[in-house]
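# Topology and contacts: notes
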Amino acid sequence: MKEKKRYSIFIKPLLYLIDLLIIGLISYRYLTNNITDICFFLCFWIALSIYFSFYKVYRFTKIIKILTLLTQQTLAFILIIISYLYFKNSDISPNNILIYFVILYITFNIWRNLVHIVFKKYRIITGLNYKKVVIIGLNESTKRLENFFKTEPSFGYKYMGFFTNENNSSSYGNISESFQYIITNNIDEVYSSVKELTNKEIKEFIDFCDINLITLKFIPDTKEIFSKNLYLHYYDITPVLSLREIPLVDSFNSILKRSFDIIFALFVIIFLLSWLIPILGLIIVLESKGPVFFKQNRPGIKEEGFGCYKFRSMAINSKTEVSATRNDARITKIGKFIRRTSIDELPQFYNVLFGSMSVVGPRPHLWRQNEIYGPKIPKYMVRHYVKPGITGLAQVRGYRGEIETKEDIINRTKYDIFYIENWSFLLDLNIIIQTVINIFKGEDKAY
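The rules we used
- Just so you know, the residues in each chain are numbered from 1, in the order the chain's sequence is written.
- Per-residue local features of the predicted model are confined to residues with pLDDT of at least 70, and side-chain atom pairs are confined, for both listing and counting, to 80 or more; whole-chain, interface and lining totals are unaffected and use all residues.
- For the side-chain quantities, the full set of heavy atoms in the structure was used; hydrogens and water were omitted.
- Note on conventions: DSSP H or I runs of at least 4 residues are helices, E runs of at least 2 residues are strands, and numbering of each starts at the N terminus.
- Pairs of residues are marked as contacts when any of their non-hydrogen atoms sit within 4.5 Å.
- Note on areas: these come from Shrake-Rupley sampling with a 1.4 Å probe, and a residue is covered only by the protein chains present in the view.
- A pair of aromatic rings is counted whenever rings of Phe, Tyr or Trp (Trp by its six-membered ring) have centres within 6.5 Å, and the orientation is called stacked for planes under 30 degrees apart, edge-to-face for over 60 and tilted otherwise.
- Accessible area is worked out with a 1.4 Å probe on protein chains only. A residue is then buried under 20% of its type maximum, exposed over 50%, and partly exposed in between.
- By definition here, charges over rings are those cases where NZ of Lys or CZ of Arg is within 6 Å of the ring centre and within 35 degrees of the ring normal.
- Salt bridge, as used here, is a side-chain nitrogen of Lys or Arg placed within 4 Å of a carboxyl oxygen of Asp or Glu.
- The pairing criterion for strands is at least two bridges between them, as found by DSSP.
- With its strands directed away from the observer, a crossover is right-handed exactly when the path from the first strand over the helix to the second travels clockwise.

### Examining the overall build of the protein
Of the regular secondary structure elements, the protein holds 14 helices and ten strands. Across the protein, every contact between residues at least 6 apart in sequence was considered, and the portion connecting residues at least 24 apart equals 71%. For the protein, the exposed area adds up to about 23,100 Å²; of that, 62% sits on carbon and sulfur atoms.

### Side note on the packing of aromatic side chains
Following the criterion strictly, the structure yields 25 aromatic pairs and no others. Both rings, one in Phe44 and one in Tyr84, keep their centres 5.6 Å apart while their planes meet at 70 degrees; by these two values the pair is edge-to-face. Taken as a pair, Phe44 in helix H2 (residues 35–51) and Tyr84 in helix H3 (residues 63–87) lie far apart in primary sequence, 40 residues in all. Exposure class is identical for Phe44 and Tyr84. Each is buried. Taken together, a centroid distance of 5.2 Å and an interplanar angle of 50 degrees make the contact between Phe149 and Tyr157 tilted. In terms of burial, Phe149 and Tyr157 fall into one category: buried. Through a chain of ring-to-ring contacts, three or more aromatic side chains come together here, namely Phe148, Phe149, Tyr157, Tyr159 and Tyr191. Positioned above the aromatic ring of Tyr30, the side-chain terminus of Arg29 is 4.8 Å from the ring centre.

### Description of the pattern of salt bridges
Using the criterion set out here, one finds ten salt bridges in the structure. Across the salt bridge formed by Asp428 and Lys257, the nearest N and O atoms sit 2.7 Å from each other. Of the two residues, Asp428 is situated in helix H14 (residues 425–441) and Lys257 in helix H8 (residues 251–287); the sequence distance between them amounts to 171 residues. In this pair, the class of Asp428 matches that of Lys257, namely buried. Notably, a salt bridge pairs Glu345 with Lys310, separated by 3.7 Å at the nearest N-O pair. Separated by 35 residues along the polypeptide, Glu345 in the loop between helix H9 (333–340) and helix H10 (348–354) and Lys310 in strand E8 (residues 305–311) bring together distant segments of the chain.

### Re the environment of Ile377
Here Ile377 is to be found in the loop between helix H11 (367–373) and strand E10 (389–391). In this structure Ile377 touches Lys406, Ile409, Ile410 and Thr413, once residues within four positions along its chain are discounted.

### Examining the side chain of Thr74
Looking at the secondary structure, you find Thr74 in helix H3. Look at Thr74 and you get buried, because its relative accessible area is 0%. Not counting residues up to four positions away in its chain, the partners in contact with Thr74 are Trp45, Phe101, Leu104 and Tyr105.

### Describing the pairing of strand E3 (residues 189–193)
With five of five residues buried, E3 lies mostly within the body of the structure. Neither face of E3 is exposed, since Glu189, Tyr191 and Ser193 on one face and Val190 and Ser192 on the opposite face are all buried. Summarising the sheet, strand E1 (residues 131–136) and E3 pair through four bridges and their orientation is parallel. Along E3, the bridge assignment pairs Ile135 with Tyr191. In terms of handedness, the path from E3 via helix H7 (residues 199–211) over to strand E4 (residues 215–219) forms a crossover that is right-handed.

Now the structure itself:
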């Protein structure tokens, strides 16, 4: 199921830049005109925002929570600046620092409140930037949540209805009928009451939403679901549990990763592929007539197909929809070398540059593998919540190449999901470094 295109991904980075601009201007006006000092101040703000999760704000986050984060962030920011100026033996007066703090805090309060109000009005007036939601179950908790969706359109949720096994004329059907409705109407998020579902039905909903890349959240009670590693949020006074939080859904993290991808891909393309393609291309063509590159359609983010590029390592007219196996007769002599050293994957940096892949992420499988493993391996389809990568955590942990046993695909999926749920920029760097080390060490499954 394809997700609606939303431009809200650009909102948080834009707010981040405006915040930094505000800090820079106020610092220049009230503290110092030294550009180096101001750059340090901006770095302090960024570091604190990561530590305090200052920009980890959702559409359902209350304004009081935003202001609490702002107070916490600003106080810590001022203390660090005071320490910095003290160790630098700066002659800036305490009065100036106090004025700076007051001006900064008031400006951010006005700015944040203004943004909060503007986006609320924007969603109400335009009806844009919303998510379609349904509720599973009928009880006091689901009624409160339904009332929240109906009375708070400014939060950006479009309530589509509810399903229950109880006899109720207002429902859209029983729980078993909800699956088809969710698919047909491109529902973005499902809110399910745990109280009304059996453990078997809970598992069915989890598997269904994972396979179809739909966000599933639970309205909790005292059942076994509390034993899971879940994330608690409040929609007004109604507690809601999320199965997972994906760091790359955060637009700042997404922009950071994309910026790194572009820089890294350009570096490889300019300084490596610019001279490697003509040389290696000539060798490939001389050994086996055919194209230099091999292009294959594979499932990417949200299971949208894209053309994945490689240096051709097999003879033409071979069955390319079948994964390579050990001592595969289809592989050419130069193909053996470039596959063992992973050079055949280098053209995928063009995929990275144009946005269909990332440097690091779950490896893109064949469509046939999705059909086989999607219904059988728990959480397998969760891999498609992020862009596929040239390398990944599963690959550096030894689960690359041919899937020889069921344990191979289970462990590969576990590592992929761990990466998706625990992404960080440092984790990406670690995986890239480990990939380079493995290439020089040699890997048993690189064939």
